[in-house]
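Structural description and commentary
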Amino acid sequence: MGSVTGAVLKTLLLLSTPNWNRVLAGNSYNCDDPLVSTLSQASFSSSSELSSSHGPGFARLNRRDGAGGWSPLVSNKYQWLQIDLGERMEITAVATQGGYGSSNWVTSYLLMFSDSGRNWKQYRQEDSIWGFVGNANADSVVYYRLQPSIKARFLRFIPLEWNPKGRIGMRIEVFGCAYRSEVVDLDGKSCLLYRFDQKSLSPIKDVISLKFKTMQSDGILLHREGQNGDHITLELRRGKLFLLINSGDAKPPSARAPVRLTLGSLLDDQHWHSVLIQRLGTQVNFTVDGHRRRFRAQGEFSSLHLDYEGNVSFSCSQPQSVPVTFLSPRSYLALPGSFGEDEISATFQFRTWNKAGLLLFTELQLVSGGLLLFLNDGKLKLHLYHSGKLPSDITAGVGLNDGQWHSVSLSAKRNYLSVVVDGQVASASPSQGPEQIYSGGIFYFGGCPDSSFGSKCKSPLGGFQGCMRLISIRHEVVDLISLQPGALGNFSDLQIDSCGITDRCLPNYCEHGGECSQSWDTFHCNCANTGYRGATCHNSIYEQSCEAYKHKGNTSGFYYIDADGSGPLEPFLLYCNMTETAWTIIQHNGSDVTRVRNTNPENPYTGFFEYVASMEQLQATINRAEHCEQELTYYCKKSRLVSKEDGAPLSWWVGRTNETQTYWGGSLPDPQKCTCGLEGNCVDSQYYCNCDADRNEWTNDGFLSYKEHLPVTRIVITDTGRPHSEAAYKLGPLLCRGDKLFWNSASFNTEASYLHFPTFHGELSADVSFFFKTTASSGVFLENLGITDFIRIELRSPAVVTFSFDVGNGPFEISVQSPTHFSDNQWHHVRVERNMKEASVRVDQLSPKTQPAPADGHVLLQLNSQLFVGGTATRQRGFLGCIRSLQLNGEALDLEERARVTPGVEPGCRGHCSSYGRLCHHGGMCMEKPSGFSCDCTSSAYAGPFCSDEISAYFGSGSSVIYNFQDNYSLSKNSSSHAASFHGDTRLSRETIKFSFRTTRTPSLLLYLSSFYKEYLSVILAKNGDLQIRYKLNRYQEPDVVNFDFKNMADGQLHHVKINREEAVVFVEIDESMRRQVHLASGTELSAVRSLVLGRIIEHSDVDQETALAGAQGFLGCLSAVQVSHVAPLKAALQPSRPAPITVLGHVTESSCVAQAGTDATSRERTHSFADHSGTRDDREPLMKTIKSDSAVIGGLIAVVIFILLCIAAIAVRIYQQKRLYKRNEAKRSENVDNAEAVLKSELNIQNPVNENQKEYFF
C-alpha cells in the first residue's frame, strides 16, 4: 500500500469483524440477560449512603436486603449510584424500583456510561438529552429498552427528581450480554497496514466497519488504495469525519482534494464512535453513529491481511483528563487561590456554542478591582479594572464558539497583562498594564454565585454554558475529581467528569437547505433565500399552483410554484395566465422550428427538450392539474411516420414515462394514429396520418392531450434521407389548467360521519392545512392517535380553533381566537405545524399562535391509528360542514374519492361565492362553478378574471364613441334590452357615473348623456381647466352647474371622477380626495334617455353654450373605465362580447391611461376597426339615421371610400410580395436553413394552403 499522507490519528481502533453479522441484525439476537443480580457488593458504589443498610450494594431489583435499596445521605441532584459490570458489555435495557416498603423513590433520572469509570457520557434518546421517567411508587418496576444499545463497563444513575414526601431511593437492574472486540492503540506516529489478497476481492460489494475514540480533533483513521489508483481516505478534521473517494482516473490525492462526504461532530470526546462504509457497485453508504449519507463513486477496493508499523499496542490506554460541564447560566465553579500574591495566572481549555459568557473572575486585593475573562460575540476579552485607574482591555481569538476545544492562558502582574488563545499571544503595552497586582484568593470559573453569598464576582454577559478541562491556577493543576465530595472549592449546576456538549445541528433539522446555527440549549435555522419559512424552514412561502394564486386575487404574471408544498421538491418559476380558469405555462429550450434532413433508421435524428423544472416538479404539477396539453406541430414533406412495408414507426416521441409513443393526435393514446385518422379526413384516406401519404409537398400532424404521457421530452425522426425528403417540428410549452386538489372537498352531514385514511407519518416535522366552512359551533376536523401520542385539530367554539398534541412530553394545546365567528358559512384556511422547535396554528390572516417545544424534550411524534377526518374514533364531536384541500406535509388527500363510498359524507361542496365573491371587483358578479367560481364582468367597465383590468382608450382629435340607448322613443316600450331600462316609460331619478381621464386640452367634453326631451347631463372641462358637471333635468330651466375650480384639471395627470345622483341630491368625488354634495334646482328626473357620447358631439343638440363649445371641440386624451350605471361604453366599443348599439367615429385606440397620452401611448397599442365596433349591419342602419349633420354624412362617405381604396392597395402589395418571396425561396431553398422558422413559414405561405382538416396536433 502507498504511504499514508498526514499524521495518523492518535486513537484507539476497535475492530468488530467477528460481530459483523450480529451488528447488522440489530437487537434481533438474544441480548437480554440480567447483569446486576450476579455482581458482588464491591461492584456497586455511590456518592454517599444514608446508613450502612442503605448502601449501594442493596440496590438490586426486587431485593429486600438491608433497608431495601440505596438512599444517599442527602437528597440532591449531585447524588449518583454506580455499577461496574467487570468488562465492556452491550446493555440493551434498564429497570428501576424505589426502596422496598418505603416512600423513597426516584421519579426521573439520567443514565451515564463509561469505559473506565471516568469521562462519563450521558445516554441520549431521540437525539435529544432527556431524563428517564422513573417510578410512581416504591415497588412497581419501570423498564426501558435502550435503542440504540450501550457498549460500556460502567453505568451511573443520577436522580433528578424524587418523591417530595420521601427521599431518593433506588433498586436497579441492567439487561444485556457480553461484548467482545479487538482493539489497537495508535500514538499518532504508528499505523496498521493491510495488504490485499487479490483472490478474495469482490468487484461488487465492499464493507469497512470500525469504532474509534480519541481526544485529538485531527488525524487520518484509514487510507485504502486499489490497483488502479482508486483510493478511500477517512480523516478526522476538527472533530468531524471526512470521507474522500477518488476513482483511478482522478488526480493524485492531495491536502486540497475535494471533500465528498462529511458526517459526525464532536468526535474527539474520548468516547466510542462507530463508522460503517458500504459499497454496492458504485453506491456508497457512509454511516457515523447511526447518521447516514449516500454517495455514488467509481473504482474498486480490496480485501486484506494484517501488518503494522510503529508503536502499536493491542490494548486501551485511558487518558485522565477530567472535564466539567457548566449546565446552565447559573453554573459556577469557585476554586481557592493564594491571597496577596503579586501575580495572577491561570490556564484552562473550554468548548462551547454560546457567543457570550463569563469564563473567569477573580477579585484584586488592597485596591477595589477585579479581573474578568469572558466571551463576547465569539471573541475572548480580558478586562482588568481597579479604582482610580483606566481599565485595561485585551481582545483575542475569533469564532471561539465553534464547539472545538480552545486553550487559554492568562497572566497579570506589574506592568504586564497578556492572554494566550490557542497559542496566539495578545498583550497590553506596559503603560496599560497594572502598576501593582494583589490576588484576591478566589477564582470563579464559568459564572458567579448568588449575591447572597457576599461575593464581589461580576458577570456582565451572563454565565458560561459549556465544558472546561485542564484547569491550572499559578501553574498547579486542579484535581477536579476532588470537587465531588466537597473537599475542594464550591460549585453549582456542574456535571463533573463529563463534557455534556451536544451538536444540535447534527442531524440538521433545518429543511430545504436552511442553515443551522446553535447555542448550548437550542438550534436556529436561517431560511434566507430558501423559499421556505418557519422555525425549521418547513413551510413554503409560495403557492402550489396558479389556481391558488388566482384565488388570492393575483393576475397574470410570473410566479414561483411549489407543487408539493412543504415536500422535498424545490419551487420553480413559471407563467400563470389568469383567465376564467388559471393556466400554467411551462417553457422549455426547444420552442423554435427545427428542420431535419438526411436521416434514416441507421442515422436517426433526436431532438431533446429541457424544461425550466425537473421531471419530478413537472410530474407534481401535472398531477394537480385538471387538464394538460402540449402542441407539437410536425411538418413533413416525403417524410413518413410509419413504414409502408412492415408498419414499423419511422418517427416517434418520448414523454415523461420514458416510453416510445407513436400516436400523433387526439385525446387518447391510439398507436400510429393522428387527428385526421380519428376524424376520418386525412389527405389520403388509405392512411391514418397526413405525413404517411408521402407527398412532395408540406403537410403536418400533431396535437396531444393525454396528460399521463406529458411533457414531451424528445422526438426521433428517421425518414428524411430520400431526395426532396424533409421534416420540421415545433414544440409548444406545456399548458396545464386548474388545480383539482385545490377544490377537492367533502361535505359532512352528520356528527357521526367521518373519513378515514392511513396513519399520518410526521415524526419530526408535520404540517396540516385545509379550508373549512360550517354553520356549526364546534366539531373535530382531524384526529390521529398513537399509544400516548396524538394530534387533534378542532373547532372548539364558534370563534376558536384549537390544535392539541402530545409527543411524549404531556399534552399541549394552542388556540387561535377570532373577533368574529368561524361558523359563518364562509371558507376559512387553517395551517398547523409541529417540528423540533415549536408548534404553531394559523387561521386566515389572524396572528399565528406558537408553543415552543420543551428544552431537551421528546421530539418524535409516534402515531399508529387511522387518520380520522371530520370526526373521531369515538364518533363523538364530529364536524358538520365542508372540508377542502386537505394536505399533510404537502401531500393532498383525495376527500372526494373516499366520500363517494362513505355514508353520511358527500363529495364536493357548493357555495364558493360567499367567500370569494369579494375578488370580483368594479361591479363584477360572482358566478358559482362546480370547482370554484368565475367573475361575470358583463355589467362592469372592467375586464379580466376579476373585473380589475381597466379598459382605456386614447381619443384623437374629433373622435367620438356613441352609445345609443334607443333611436326611437316609441320602440322602448317593447324593448327588453339593458338600454330599455334607461328610457321609455321609465324616468331616471338616479344614476352612478365613474370614469378617469387624462388630457391637456381645454375646453373638452368628457361625457354627455342626452334625452329625447332635451334634458341632459354633461361633464366638461372649461377653458380655464375647471371641471364642470351640468345637469339640465327640466327643458324649460337653465342647467345646474357644479364647478370645481380648485385646480386646472387639464394638467396631463390622471384624474378620477365619481358622480352619484339620488333625485335632486348629487354627490361628487374627485381623485378620492375632493368631495362635494349639492342640491339641484332644475328637477329630479332625466326622462327618456337617448344616447351617451364620449368625445365630440356629432348630432345637433339644444345645449348651453359652454357644453356646446366643449362638444364641438370633443376630447383629446385618454378616457378609462367609463361606467354609467350598468352601461360601459368603452368596453362595448373596444371589447364587444355581444352586439351593442355602439358607434365609433374617428381615431379611437385602446391604450393605457397610466402612460402619457399621445403617440407614445398609442403606438404600442392596437387600433380598433371602427366598422367592427358599430354593431351588426341591422344595428348600424338606424344609428346612421340619427346623424343629422350633412357634413358628417359626407365625411363618413369619404372615409368609407378611402378605406376601400386602402384595402385594395394592401391586397395588391401582399400579392406582389408573395410572388417575390416565391422566386427568392425557390432559388435559395436548399441553403437557407439558419432561420428555420421564417423559411418554413414562407414555404407554407407560397404552397397551396393546407386545409384545416389536414392540420393535426398533439398535446
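Up top is the structure.
In short, a report on the structure. Quantities reported herein were computed from a predicted structural model and do not represent experimental measurements.

Observations regarding the pairing of strand β58 (residues 812-817)
Pairing of strand β57 (residues 800-806) with β58 involves six bridges; the strand directions are antiparallel. By the bridge assignment for β58, valine 800 is matched with glutamine 817.

Some words on helix α3 (residues 615-624)
Every buried residue belonging to α3 is among Gln617, Leu618, Ala620, Thr621, Ile622 and Arg624, and all of these are buried. Packed against the buried residues of α3 are β42 (572-578), β43 (582-586), β46 (627-637), β51 (726-737) and β63 (881-888).

What about the state of the cysteines?
Evaluated as defined, the whole model comprises 14 disulfides. Disulfide pairing places cysteine 510 opposite cysteine 525 at an S-S distance of 2.0 Å. Here the S-S torsion is close to -85°, and the disulfide linking cysteine 510 with cysteine 525 is therefore left-handed. Taken together, the residues cysteine 510 in the loop between β36 (494-496) and β37 (515-518) and cysteine 525 in strand β38 (residues 523-526) connect sequence positions 15 residues apart. A relative accessible area of 7% means that cysteine 510 is categorised as buried. Between the sulfur of cysteine 920 and that of cysteine 935 lies a disulfide, 2.0 Å long from S to S. In this structure, the disulfide formed by cysteine 920 and cysteine 935 twists by about -85° around the S-S bond and is classed as left-handed. Residue cysteine 920 is located in the loop between α6 (913-916) and β66 (925-929), and its partner cysteine 935 is located in strand β67 (residues 932-936); the two are separated by 15 residues in the primary sequence. Classification of cysteine 920 by relative accessible area gives buried; the value is 10%. Since its relative accessible area comes to 13%, cysteine 935 is described here as buried.

Here we look at the packing of aromatic side chains
Enumeration according to the criterion identifies 36 aromatic pairs in this entry. Considering the side-chain rings of tyrosine 916 and phenylalanine 933, the 5.6 Å spacing of their centres and the 5° angle between planes classify their relative orientation as stacked. Pair noted here: tyrosine 916 is in helix α6 and phenylalanine 933 is in strand β67, with a separation of 17 residues, a long-range link. Phenylalanine 933 matches tyrosine 916 in its accessibility class, with the two residues each being buried. Among the aromatic residues, ring-to-ring pairing joins Phe748, Phe770, Phe772, Phe781, Phe822 and Phe879 into one connected group. The aromatic ring of phenylalanine 523 is capped on one face by lysine 837, whose charged end is 5.3 Å from the ring centroid.

A look at the side chain of aspartate 115
Assignment of secondary structure puts aspartate 115 in the loop between β5 (106-114) and β6 (121-122). A polar side-chain atom of aspartate 115 sits 3.2 Å from a polar atom in the side chain of lysine 213. At a separation of 2.4 Å, a polar atom in the side chain of aspartate 115 contacts the side chain of tryptophan 272.

Section: empty space enclosed by the protein
To find leftover empty space, one rolls a probe the size of a water molecule over the atoms. Enumeration according to the criterion identifies five cavities of 30 Å³ or more in this entry. Taken as a whole, the second largest cavity holds about 100 Å³ of empty space. What lines the second largest cavity is a set of 15 residues, among which Phe805, Val807, Arg834, Ala853 and Pro854 lie closest to the centre. Of all the secondary-structure elements, those providing two or more residues to the lining of the second largest cavity are β60 (838-843) and β61 (849-852).

Considerations on the pattern of salt bridges
Applying the stated criterion to the full structure yields 37 salt bridges. A salt bridge links arginine 640 to aspartate 719; its shortest N-O distance comes to 2.9 Å. Of this pair, arginine 640 sits in the loop between β46 and β47 (651-654) while aspartate 719 is found in the loop between β50 (714-717) and β51, placing the two residues 79 residues apart along the sequence. In this structure, arginine 640 and aspartate 719 share a single accessibility class: buried. We note a salt bridge from arginine 722 to aspartate 719, for which the minimum N-O separation is 3.2 Å. Judged by its relative accessible area of 27%, arginine 722 is partly exposed. With relative accessibility at 7%, the residue aspartate 719 sits in the buried group.

What counts as what
- Residues numbered from 1 in each chain as written.
- Predicted model: local features only at pLDDT ≥ 70, side-chain atom pairs only at ≥ 80, totals over all residues.
- Heavy atoms only, no water.
- Pairing = 2+ DSSP bridges.
- Helix = DSSP H or I, 4+ residues; strand = E, 2+ residues; numbered from the N terminus.
- Buried < 20%, exposed > 50% of the residue type's maximum accessible area, 1.4 Å probe, protein only.
- Contact = heavy atoms within 4.5 Å.
- Disulfide = S-S within 2.5 Å.
- Phe/Tyr/Trp six-rings, centres within 6.5 Å; stacked < 30°, edge-to-face > 60°.
- Lys NZ or Arg CZ within 6 Å of the ring centre and 35° of its normal.
- Polar contact = N/O pair within 3.5 Å; in protein donor to acceptor, adjacent residues only side chain to side chain.
- 1 Å grid on protein atoms, 1.4 Å probe; cavity = no way out; pocket = protein on both sides within 12 Å on 5 of 7 lines; lining within 4 Å.
- Points joined across faces, edges and corners; volume = space filled by probe spheres on them.
- Salt bridge = Lys/Arg side-chain N within 4 Å of Asp/Glu carboxyl O.

Any functional reading would require information that these geometric values do not contain.
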